[in-house]
Amino acid sequence: MSKGNFFITTPIYYPSDKLHIGHTYCTVATDAFARYKRLCGYNVMFLTGTDEHGQKIEDKAREAGVTPKQFVDNIVAGEGGVLDLWKLMNISNDRFVRTTDDYHVQSVQKIFKKMYDKGDIYKGKYVGKYCKPCESFWTDSQLKDGCCPDCGRPVVDAEEEAYFFKLSKYADRIQDLLENTDFLEPRSRVNEMVNNFIKPGLEDLCVSRTSFSWGIPVDFDPGHVVYVWVDALSNYITALGYENDRYNDYEAFWPGVNIVGKEIVRFHSIIWPAMLMSIEEPLPKKCFGHGWLLLDGGKMSKSKGNVVDPYILAEKFGVDALRFFLMRTFPFGSDGNFSNELLIQTINTDLANDLGNIVSRTTAMVGKYFGGTLPEGCATCETAQPFDTELIGMATALRDNYEYAMEHFAPHKALEEIFKVIQRANKYIDENAPWVLAKDMDANGERLAHVLYNLLETTRICGILLTPFMPDSCAKLFEQIGSCDACRTWDSAAVWGSRAETAPVTKGENLFPRVDVQKAIEELEALQAAKAEEARRASLPAVEIEPQSEEFVDFDTFCKSDFRVVKVKACENVKKSEKLLKFTLDDGTGTDRQILSGIAKWYKPEDLIGKTLVAIVNLPPRKMMGQDSCGMLISAVHNEYGEEKLNLLMLDDAIPAGAKLC
Ligand code: MSP
């Protein structure tokens, strides 16, 4: 029987670029909470989506030469786009909202009108500062060193006719919500909100724009589009069917839990509740502001270009290992430094050494000593040891500790609890030395079967609780340890002995292979460099050619240039120069000609010997690196993906040295 309805959301992501590991972190965490709640028996609605309007998207689409809708369609639904990424990461969302969906657009117009009719929205003039990358308005007092307080980038002056929302009207109620309820977590974020935004005085919020058109039109005042945050925040209720006919889940599922990154806590804990107060709807149950994944100490961001590609990591290490790493390593409310080394270390320590070890050793021993099936009666043992009691006690108490952590949005703590038990179980193997017991099966067979049963039971309980984090691997694990459907449930995780004594055990594939650190890092770096190069190339023109000269050169001047066919007799690098090659050329005069040419970046000297080239031979000689250069070799130059390319002019070898070009 269902324990009730539960609604949980991620932020809706900007499809201004491909998503990175930071977005993946938030979505995987929300997915783990959603799966956990389903496991507990709730009827869960898990919503994610994309926030597709705004000036930034409009600008990016223009740059790409497509319409904004074509631009976002490609990033959301195109190959390697948002939908593909969530499929790859095994995200179990029940719904995906796009703010360009018709039903959302209609609902937002109605929400805006409701706020207007209530007298909470009025027309005024917007004068302030605007941060384009963040699509945020700021007052002078909010700026940090004159720049955007969120991303640190410069802001621009902005002034235009606009609608304003009376945010100030709700300041007291919001302060009360923040300070006197557990709506916002972690609690450390409460002070930040109250001190930085509410105490200095909440200013009314500009909620419409006229300077761009890629947004939801204010239907009663054409020319205005709804400010992107009012549009975006509404998704949490429009996707349930609020003020539209597309869905009918609002009554059943709202209010819900909003999981967001710390930089958008302000919008979710101040503006969003105020909007709901204005339209007189229930406030969210919770806003949890998680920390950032940092790279080299700084925030990963698409606009800074320092991002880690989740596709590469999932391909290399497996989706479950990546999901596990993200949740196990970084305390959910705080920032954490991402590194490939840390990822591999977590896989090796927790998954290969600890969890993998207990599964593979236990299943192998059940196979070796009992042909894959433990005998009846193995769940009980007359010679129980203190370490049996300790292990069983820890495993039985695990579900409660885990539940406490998950209910407090601390997935890292929940995993820590599981790994305490797994480590205890590994120690239990050593304490019992099953391979020693197996030497005398007549005397010790019963004890050995009990030890192995205890290990299988511990693994089963851990497997159930790990399922929200690693769904596919845990399903395989259950197959290996002989865990039936009824003993994969939440209830059975608290009942020691749920597993049938004689359920078959099969040693299957190694679920968590060890990673060779050095090799994996080298391969990853090569893959990441290749992807970065691909992205760099994609942003540059394939071929760029210098425009033709608009200035005429008179014929007589041109004729003075003496171009001759030359043959390369010798060619070598010039000492102490990275650029220069020294050529000894047959120019048909019978005397060798020496030319120095700055083309070492493109040619190896040995590849040019014997080639038939073109040189201009009546330039005045000049010294280069202390050596004479008499003339210049002629090449064709162009740019390829932003890089200069050079090709020497090479002629048919049948043409004799000295032949004049005219
Ligand atoms: N569109 C808005 C949100 C509107 S919600 C009504 C937005 N989108 S975003 O694409 O910039 O993504 C925001 C979320 O992605 C963050 O709140 C956070 O959850 C996640 N992250 C983006 N970069 C991240 C890290 N480097 N680390 C952790 N999470 C990160 O803001």
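Parameters and conventions
Residues numbered from 1 in each chain as written. Predicted model: local features only at pLDDT ≥ 70, side-chain atom pairs only at ≥ 80, totals over all residues. Heavy atoms only, no water. Patch = residues over 30% accessible without salt bridge, like charges linked within 9 Å, V, L, I, M, F, W, Y side chains within 5 Å. Areas by Shrake-Rupley, 256 points an atom, 1.4 Å probe, with all protein chains shown as cover. Salt bridge = Lys/Arg side-chain N within 4 Å of Asp/Glu carboxyl O. Helix = DSSP H or I, 4+ residues; strand = E, 2+ residues; numbered from the N terminus. Buried < 20%, exposed > 50% of the residue type's maximum accessible area, 1.4 Å probe, protein only. Core = buried A, V, L, I, M, F, W, Y, C linked by side-chain atoms within 4.5 Å. Contact = heavy atoms within 4.5 Å. Near = heavy atom within 4 Å. Polar contact = N/O pair within 3.5 Å; in protein donor to acceptor, adjacent residues only side chain to side chain. Nonpolar A, V, L, I, M, F, W, Y, C, P; charged D, E, K, R; others polar. Phe/Tyr/Trp six-rings, centres within 6.5 Å; stacked < 30°, edge-to-face > 60°. Lys NZ or Arg CZ within 6 Å of the ring centre and 35° of its normal. Arc of directions from axis to C-beta. Pairing = 2+ DSSP bridges. Disulfide = S-S within 2.5 Å. Domains from an automatic or database assignment. Axes fitted to C-alpha atoms, helices over the stretch in contact; angles between N-to-C directions. Parallel < 35°, antiparallel > 145°, perpendicular 65-115°, else oblique. Left-handed = near helix turned anticlockwise from the far one by under 90°.

A word on a nonpolar patch on the surface. Judged by side-chain polarity, Val-553, Phe-555 and Phe-558 come together as a nonpolar surface patch covering roughly 340 Å² of accessible area. Within the secondary structure layout, Phe-558 lies in helix 21 (residues 555-560). For Phe-558, a relative accessible area of 42% translates into the label partly exposed.

Phe-317, Leu-355 and Ile-418 are the most contacted members of the largest nonpolar core, which totals 110 residues. Of all the elements, helix 18 (residues 441-466) adds the most residues to this core, at 12 residues. Apart from residues no more than four positions distant in its own chain, Leu-355 is found in contact with Asp-350, Phe-419, Ile-422, Leu-466, Met-470, Leu-477 and Phe-512.

As a further point, take the site of the ligand. If you check the shell around the ligand, you find 26 residues, and the closest are Ile-12, Asp-51, Gly-261, His-290 and Leu-293. Between the ligand and Gly-22 there is a distance of 3.2 Å, counted from a nitrogen atom to a backbone nitrogen or oxygen. In the model, an oxygen atom of the ligand is placed 2.9 Å from a nitrogen or oxygen of the Gly-261 main chain. Of all the secondary structure elements, the ones that give two or more residues to the shell around the ligand are strand 1 (5-13), helix 1 (21-40), helix 8 (228-233) and helix 9 (235-238). Its residues assigned to classes, the shell around the ligand shows 14 nonpolar, eight polar and four charged.

Tallying each qualifying case throughout the model produces 43 salt bridges. Linking Lys-132 and Asp-59 is a salt bridge whose minimum nitrogen-to-oxygen distance equals 3.0 Å. Of this pair, Lys-132 sits in the loop between strand 4 (121-131) and strand 5 (136-138) while Asp-59 is found in helix 2 (residues 55-64), placing the two residues 73 residues apart along the sequence. Assessed through its relative accessible area of 17%, Asp-59 is described here as buried. Note that Arg-488 is salt-bridged to Glu-479, the shortest N-O span being 3.0 Å. Taking relative accessible area as the criterion, Arg-488 reaches 22% and is therefore assigned partly exposed. For Glu-479, a relative accessible area of 51% puts it in the exposed group.

Using the criterion set out here, one finds 29 aromatic pairs in the structure. Pairing Phe-165 with Tyr-170 gives two aromatic rings, centres 6.1 Å apart and planes at 25°, and the pair type is stacked. You can call Phe-165 buried: its relative accessible area is 0%. An aromatic cluster is built from Tyr-25, Phe-33, Phe-288, Phe-325, Phe-330, Phe-332, Phe-338 and Phe-409, whose rings are joined through pairwise contacts. For the cation-ring pair, Arg-95 lies above Tyr-247, with the distance from its terminal atom to the ring centre recorded as 3.6 Å.

Okay, helix 6 (residues 171-180) next. If you check which residues of helix 6 are buried, you get Ala-171, Ile-174, Leu-177 and Leu-178. In a view along the axis of helix 6, the buried residues occupy a sector of 125°, so they form one face of it. The exposed set on the far side of helix 6, more than 90 degrees from its buried face, consists of Asp-172 and Asn-180. Close packing links the buried residues of helix 6 with strand 7 (184-185), helix 7 (188-198) and helix 11 (265-278).

Time to look at the pairing of strand 18 (residues 581-586). When strand 17 (residues 563-573) meets strand 18, the two strands line up antiparallel, connected through six bridges. Pairing of Val-568 across the sheet is with Leu-585, part of strand 18. With six bridges connecting them, strand 18 and strand 19 (residues 592-597) associate as antiparallel partners. Residue pairing in the sheet places Leu-585 in a bridge with Arg-593 of strand 19.

On to the state of the cysteines, then. All told, the structure shown has zero disulfides when counted by the stated rule. Not engaged in a disulfide, the cysteine Cys-40 finds its nearest cysteine sulfur in Cys-474; these two sulfurs lie 15 Å apart. Using a relative accessible area of 6% as the deciding quantity, one classes Cys-40 as buried.

Take the environment of Ala-379 next. Within the element layout of this structure, Ala-379 appears in the loop between helix 14 (340-370) and helix 15 (386-407). Along the chain, Ala-379 and Trp-496 lie 117 residues apart, while their C-alpha atoms are 9.5 Å from each other. Once residues lying within four places of it in the same chain are set aside, the contact partners of Ala-379 are His-450, Tyr-453 and Glu-501.

Sheets are built from strands that pair by backbone hydrogen bonding, the pairs being arranged parallel or antiparallel. Read across the open sheet, the three strands follow the order 14-13-15; overall the sheet is mixed. Looking along the sheet, the strands with just one partner apiece sit at the ends: strand 14 (298-299) and strand 15 (336-337). Where strand 13 (residues 293-295) and strand 15 come together, two bridges link them in parallel fashion. The residue of strand 15 that forms the bridge with Leu-294 is Asn-337.

With that out of the way, let us pick up the domain arrangement of the protein chain. Taken as a whole, the protein chain is organised into domain 1 (344-494) and domain 2 (555-661). Relative to domain 2, the C-alpha centre of domain 1 lies at a distance of 74 Å.

Now for the packing of helix 6 against helix 11. Helix 11 packs onto helix 6 with a crossing angle of 120° between their chain directions and a minimal axis gap of 10 Å. Taken together, helix 6 and helix 11 sit at an angle that is classed as oblique. By crossing handedness, the relation of helix 6 to helix 11 is classed as right-handed. Contacts from Arg-173, Ile-174, Leu-177 and Leu-178 of helix 6 reach helix 11 at Ser-269, Ile-270, Pro-273, Ala-274 and Met-277.

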